[in-house]
Amino acid sequence: MPHAVGLLTATRPKGDRSPHMPRGTPRTPRQDIPSSTSRQSSSRNVTAIGTGIIMMDLMGSRLNFTYTVQTVTPDGQWADYINGTWTGLLGQLVRREKDLTFNNVGILHDRLKVVDFSIPLKTDAFSAALEVPSPPPRWHAVFYPFTTITWIALAATCIITTLFFHLLIFKDSSVVYNHKADVVSTLVWMVCALLRQSVTRIPSSPGTHPFLVCWWLVSLVLAASFVSNIIAYITVPAAPKKIKTMKELADSKHRLYMGDYGSFVPEYMATSPDPVYRRLSQKLNLIENYNELGLYVLGNDGAFIESTEYIEYALGQWHTDMYYVEENMYPHQIAWVYQKGTPWIATFNWYLESMIESGLAGRWRAEEITKYRKAQGRLVTRGTSTGDSRRPLSLEDLQSAFYILGLGVMLSTVTLGTEFAAKKRLLIC
């Protein structure tokens, strides 16, 4: 089961004829907000945990009723409609085996036909959680300051300006070179400005002066931009690239996984008019054993699709660094669910509304999640760190410079060998 569903049953005290509560035994599934501790109450006979339990205990003490807990649905499903039959939580309500559920059940149009809902308690949505990718290798620092398009444009600019400048000085190259002018030497002379290397002489031709002034200004801007960005990249840890939209997730190599517990999401994705959702549906794999989802996601480039609220629970379980895709799917309102025609919905709604508007429900939920996170060693701290973030540069930070030096040595060796081979051939001839 994906959410460790708890089903609770409540009985009204003997002799109670209060109009606020029905005759018989209200029975409910609990809302699974994980916690490191379990709350015991005289209003029920089974240990259970979660915000919904706290709210039921409070209402039970005020309305004088008790309830018991069922930990899992008989069919192991959630609330799906299969072959004309409702399964899971809603199936038990439709068959009047239980009186209400306060697990995470969304308000959907087809469900409104067979059950009654309380007032909306909160808004939830489905999203995808992925393992945080490893940061790029530190030697990428030499390429990081500019995008690929910028590097291509820079290379093209160097080639064009070199050819143009070579035509300007071709006839009178003695002021620039100590030997016969060639295009490669002109390129080296032009790149000196980009590498912040000074030149001792400039051409005497007046037409070259405005061109060189513009080129040197451009080189100053490019060099300053490159140096400032590479300093920032080396000294500040690089953030790994994360998927932010469902389209990026559909275009990625990640496989999608979801527990096969009767959620409406797989069907909605498969029949969606949005082509992105249909593409995601083609990558979706339903897993029977919900506890094995971590094996498919962690270290296997998988993405875990679930409600955003439950993903918080899963992240704590798996003890790994994961993140949410910013774009959500199918936002919906969460409510408690009752049998169709339940007469005491208005009474429960009054208490639910009071706990929500007073902020108690939100506070209880935050406390329960904090306790669970602390128990799992995954407590997230808020606020700006006051520690010293400075660090000395390591060899890994500067390895790109040594790679460039090694590349230069290799190219020089190949060039030298080519020259020797050419001279030897001329001597033989």
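S.K.: Describe the overall build of the protein, with residues and values.
M.R.: In terms of helices and strands, the protein carries 14 helices and 13 strands. When the 429 residues of the protein are sorted by exposure, 43% land in the buried category. For the protein, the computed accessible surface area is about 24000 Å², with 60% contributed by carbon and sulfur atoms.

S.K.: Tell me about the confidence of the model for the protein, and please be specific about residues and values.
M.R.: Reading fine detail from the predicted coordinates is not recommended where pLDDT is low. In the predicted model, the protein carries a mean pLDDT of 76, and 77% of its residues have values of at least 70. Across residues 1-46, where pLDDT falls below 50, the model places 181 contacts with residues more than four positions away in sequence or in other chains. Scored below 50 in pLDDT, residues 380-387 makes 0 contacts in the model with residues more than four places away or belonging to other chains.

S.K.: Please set out the pattern of salt bridges residue by residue, giving values where relevant.
M.R.: In this structure the tally under the stated criterion is 5 salt bridges. Between E97 and R95 there is a salt bridge, with the nearest N and O atoms lying 2.8 Å from each other. Its relative accessible area of 34% is what places E97 among the partly exposed residues. A salt bridge links R363 to E367; the nearest nitrogen and oxygen atoms lie 3.1 Å apart. One end of the pair, R363, and the other, E367, are both in helix α13 (residues 360-376), 4 residues apart, so they sit about a helical turn from each other. Accessibility expressed as a relative area gives 55% for R363, which makes it exposed. In the salt-bridge network here, residues are joined through shared partners; they are K247, D251 and R279.

S.K.: So, the packing of helix α4 (residues 148-169) against helix α5 (residues 183-194): which residues are in play, and what are the values?
M.R.: Contact pair α4 / α5: the axes reach a minimum separation of 9 Å and the direction vectors enclose 120 degrees. As judged from the angle between their axes, α4 and α5 are oblique. In this structure, α4 crosses over α5, and the sense of that crossing is right-handed. On α5, the residues that touch C158, T161, T162, L163, F165 and H166 of α4 are V183, T186, L187, W189, M190 and L194. Classifying every residue of the contact of α4 with α5 by side-chain character gives 8 nonpolar, 4 polar and no charged.

S.K.: Kindly report on helix α6 (residues 208-235), identifying the contributing residues and their values.
M.R.: For α6, with 28 residues, the first-to-last C-alpha span of 40 Å sits near the 40 Å given by 1.5 Å per residue. Among all positions of α6, only T208, F211, L212, W215, S219, A223, I230, Y233 and I234 are buried.

S.K.: I'd like a rundown of the packing of aromatic side chains, residues and numbers included.
M.R.: Aromatic ring pairs are described here by two measures, namely the spacing of the ring centres and the angle between the planes. Applying the stated criterion across every chain yields a total of 20 aromatic pairs. Centroid distance F126 to F264: 5.5 Å. Interplanar angle 90 degrees. Geometry classified as edge-to-face. In this pair, F126 sits in strand β8 (residues 122-131) while F264 sits in the loop between β9 (255-259) and α8 (265-270), placing the two residues 138 residues apart along the sequence. Accessibility classification places F126 together with F264 in one group, the buried group. Three or more aromatic residues link up through ring pairs in this structure, and these residues are F65, Y67, F102, W336, Y338, W344 and F348.

S.K.: An account of the environment of Q77 is needed here, citing residue identities and associated values.
M.R.: With respect to the helices, strands and loops of the structure, Q77 is situated in the loop between β3 (66-70) and β4 (81-82). Exposure remark for Q77: the relative accessible area of 18% places this residue in the buried category.

S.K.: Please provide a residue-by-residue account of the nonpolar core, values included.
M.R.: Counting residues in each nonpolar core, the largest one holds 35 residues, and the members touching the most others are L130, M246, L249, L280 and M329. Within the second largest apolar cluster, 21 residues are counted, among which are I54, M56, L100 and W336.

S.K.: Before we move on, could you go through the pairing of strand β11 (residues 302-307) and cite the residues and values that matter?
M.R.: Counting buried positions along β11 gives 6 out of 6 residues, so the element sits mostly inside the fold. The pairing of β8 with β11 spans 5 bridges and is classified as antiparallel. Its bridge partner being in β11, A129 is matched across the sheet by F304. Where β9 and β11 come together, 3 bridges link them in parallel fashion. Paired with Y257 across the strands is F304, a residue of β11.

S.K.: Account for the packing of helix α1 (residues 51-63) against helix α12 (residues 345-357), with residues named and values stated.
M.R.: Where α1 meets α12, the closest approach of the two axes is 11 Å, and the angle between their N-to-C directions is 125 degrees. Accordingly, the angle class assigned to the pair α1 and α12 is oblique. As for how α1 packs across α12, the hand of that crossing is right-handed. Contacts between α1 and α12 involve M55, M56, L58, M59, R62 and L63 on the former and, on the latter, T347, F348, Y351, L352 and M355. A class-by-class count of the residues in the contact of α1 with α12 yields 9 nonpolar, 1 polar and 1 charged.

S.K.: Which residues make up unusual backbone geometry, and what are the values?
M.R.: Even without being glycine, N64 reaches a positive phi, approximately 60 degrees. Residue placement: N64 occurs in the loop between α1 and β3. Look at N64 and you get partly exposed, because its relative accessible area is 45%. One non-glycine residue, N83, adopts positive backbone phi at about 50 degrees. Structurally, N83 can be placed in the loop between β4 and β5 (85-86). Assessed through its relative accessible area of 77%, N83 is described here as exposed.

S.K.: Could you give me a rundown of the side chain of S307, with the residues and numbers involved?
M.R.: Mapped onto the secondary structure, S307 falls in strand β11. Of note is the side chain of S307, whose polar atom sits 3.5 Å from the side chain of E306.

Conventions used here
Residues numbered from 1 in each chain as written. Predicted model: local features only at pLDDT ≥ 70, side-chain atom pairs only at ≥ 80, totals over all residues. Heavy atoms only, no water. Helix = DSSP H or I, 4+ residues; strand = E, 2+ residues; numbered from the N terminus. Buried < 20%, exposed > 50% of the residue type's maximum accessible area, 1.4 Å probe, protein only. Areas by Shrake-Rupley, 256 points an atom, 1.4 Å probe, with all protein chains shown as cover. pLDDT = per-residue confidence, 0-100. Contact = heavy atoms within 4.5 Å. Salt bridge = Lys/Arg side-chain N within 4 Å of Asp/Glu carboxyl O. Axes fitted to C-alpha atoms, helices over the stretch in contact; angles between N-to-C directions. Parallel < 35°, antiparallel > 145°, perpendicular 65-115°, else oblique. Left-handed = near helix turned anticlockwise from the far one by under 90°. Nonpolar A, V, L, I, M, F, W, Y, C, P; charged D, E, K, R; others polar. Expected span 1.5 Å × (residues − 1). Phe/Tyr/Trp six-rings, centres within 6.5 Å; stacked < 30°, edge-to-face > 60°. Core = buried A, V, L, I, M, F, W, Y, C linked by side-chain atoms within 4.5 Å. Pairing = 2+ DSSP bridges. Polar contact = N/O pair within 3.5 Å; in protein donor to acceptor, adjacent residues only side chain to side chain.

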